[in-house]
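As a plain string of letters, each chain reads:
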Amino acid sequence: MGDERGQMRYAHTSPMDSLEKITGKILDSYREVGGINNIDGSNLPSKLAIATICEDLLQLLFPGYHDQEPIHSQHIRRVTEHRILTISDRLRSEVCKSLRLGEPTCPEEEAQRVVQEFLKTIPYVRELLHTDVEAAFEGDPAAASFDEIILAYPYLEAIAIQRSAHMLYCHNLPLIPRMMTEWAHSRTGIDIHPGAHIHSHFFIDHGTGVVVGETSVIGKHVKMYQGVSLVARSLSGGQALKGKKRHPTVEDHVTIYAGTTIIGGDTVIGEGSTIGANVFLTHSVPPRSLVFYEETSLRIFDKDRRSDDAWVSDWII
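Residues numbered from 1 in each chain as written. Predicted model: local features only at pLDDT ≥ 70, side-chain atom pairs only at ≥ 80, totals over all residues. Heavy atoms only, no water.

Peer 1: Hey, could you run me through the packing of aromatic side chains in this one?
Peer 2: Remark: the centre distance and the inter-plane angle together describe each pair of aromatic rings, the angle taken between the planes. According to the stated counting rule, one finds four aromatic pairs in the structure shown. With a centroid separation of 5.6 Å and an interplanar angle of 5°, the aromatic rings of Phe 292 and Phe 301 are classed as stacked. Assessed through its relative accessible area of 2%, Phe 292 is described here as buried. Given a relative accessible area of 18%, Phe 301 falls into the buried group. (Phe/Tyr/Trp six-rings, centres within 6.5 Å; stacked < 30°, edge-to-face > 60°. Buried < 20%, exposed > 50% of the residue type's maximum accessible area, 1.4 Å probe, protein only.)

Structure, rendered in structure tokens:
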């Protein structure tokens, strides 16, 4: 009798019974909590597929650097054709899912057109990336070679994916460009929105914690350090600010040191300026400015009319 009662208690509290109750509670949540379910909806772009496409794009952009085996020149056409074909097929499927959001059918022809136009930009993206590698080599005395920069500098991976995603962003493609840059963000700690417009010879030294917002514009030969943020002035406007210039413009030949935050769509950092570390800047500065904190006061100098103070000249790059 005692054994029978024990078996009955065990059956009453079996793991399967508990899992059924948990399942029921979760299903209740699906019915009661909307907005974060995609049940009976469109098949959304796959994060796993986008991650694989990003890996393959890096192989296409930097042939021989992201491969386990060397690529010989006599095989480069065959290898490249295969990579383009596989990227095209998989990306077309994900673009179709993206374009189908809100549409009853998958626009196959439009997806094919977007993918082909994107692949045509690869030579241009490579030209920009070559200038980025040059900027890193010239701007970092720790860089031993181009090979080291391509293989070991996380910023280059982040900007390679951002420059690629920017081309899709310019086609007003939903979701995928942001998924691409967030993949790079998760790997590198560098968060650059695909909408940011970044000119040639861009270099982020170290890079961890850098944030570049959607409407940022960055000129040529700009150098940043870790923890720099180019962000919007306020988030209180929410969706009402969508499509407006919310993030700063950084003109050519600007250096921004670690931990600096620059805010606002009307803020312009003038050409040739240097922004010191840990500056919180909410307004524009003219070209050739030197901006830093002196004790508790923010100081801005004209770099071409600076004093003879040796410690001030030490900031000049």
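On we go from here.
Peer 1: Teacher, can you tell me more about the sheet that holds strand S4 (residues 211–212) here?
Peer 2: Sheet strands pair via backbone hydrogen bonds, and the direction of the pair is either parallel or antiparallel. What the five strands build is an open sheet, ordered S1-S4-S7-S10-S13; its pairing is parallel. Among the strands making up the open sheet, the edge pair consists of strand S1 (191–192) and strand S13 (280–281). Pairing of S1 with S4 involves two bridges; the strand directions are parallel. Among the inter-strand pairings, Asp 191 is bridged to a residue of S4, identified as Val 211. (Pairing = 2+ DSSP bridges. Helix = DSSP H or I, 4+ residues; strand = E, 2+ residues; numbered from the N terminus.)

Peer 1: Looking at this model, I keep getting lost on the pattern of salt bridges. Mind explaining?
Peer 2: Where side chains of opposite charge bring their charged atoms close, a pairing between them can arise. If you walk through the whole model with that rule in mind, you get 13 salt bridges. Measuring nitrogen to oxygen at the nearest pair gives 3.3 Å for the salt bridge that ties Arg 77 to Glu 81. Highlighted residues: Arg 77 and Glu 81, both in helix H4 (residues 76–99), separated by four residues, approximately one helical turn. Across the salt bridge formed by Asp 89 and Arg 92, the nearest N and O atoms sit 3.2 Å from each other. With Asp 89 and Arg 92 both in helix H4 and three residues apart, the pair spans about one turn of that helix. Given a relative accessible area of 36%, Asp 89 falls into the partly exposed group. For Arg 92, a relative accessible area of 22% translates into the label partly exposed. A single salt-bridge network, built from bridges that share partners, covers Glu 55, Glu 157 and Arg 187. (Salt bridge = Lys/Arg side-chain N within 4 Å of Asp/Glu carboxyl O.)

Peer 1: Sorry if this is basic, but what is going on with the sheet that holds strand S6 (residues 223–224) here?
Peer 2: Overall, mixed pairing links the six strands, which are arranged S3-S6-S9-S12-S14-S15 in an open sheet. Each edge of the sheet is formed by a strand with only one pairing partner; in this case those strands are strand S3 (203–204) and strand S15 (297–302). Two strands pair when backbone bridges link them, and strand S14 (residues 289–294) and S15 are joined in this way by six bridges, in the antiparallel orientation. When the bridges of S15 are listed, Val 291 appears paired with Ile 300.

Peer 1: Got a minute to help me understand the packing of helix H3 (residues 47–61) against helix H8 (residues 154–169) in this structure?
Peer 2: The description of two helices packed together rests on the angle between their axes and the distance between the axes. Between H3 and H8, whose axes approach to 11 Å, the crossing angle comes to 100°. Here H3 is positioned roughly perpendicular relative to H8, judged by the angle of their axes. On H8, the residues touching Cys 54, Leu 57, Leu 58 and Leu 61 of H3 are Glu 157, Ala 160, Ile 161 and Ser 164. The class makeup of the residues in the contact of H3 with H8 is six nonpolar, one polar and one charged. (Axes fitted to C-alpha atoms, helices over the stretch in contact; angles between N-to-C directions. Parallel < 35°, antiparallel > 145°, perpendicular 65-115°, else oblique. Contact = heavy atoms within 4.5 Å. Nonpolar A, V, L, I, M, F, W, Y, C, P; charged D, E, K, R; others polar.)

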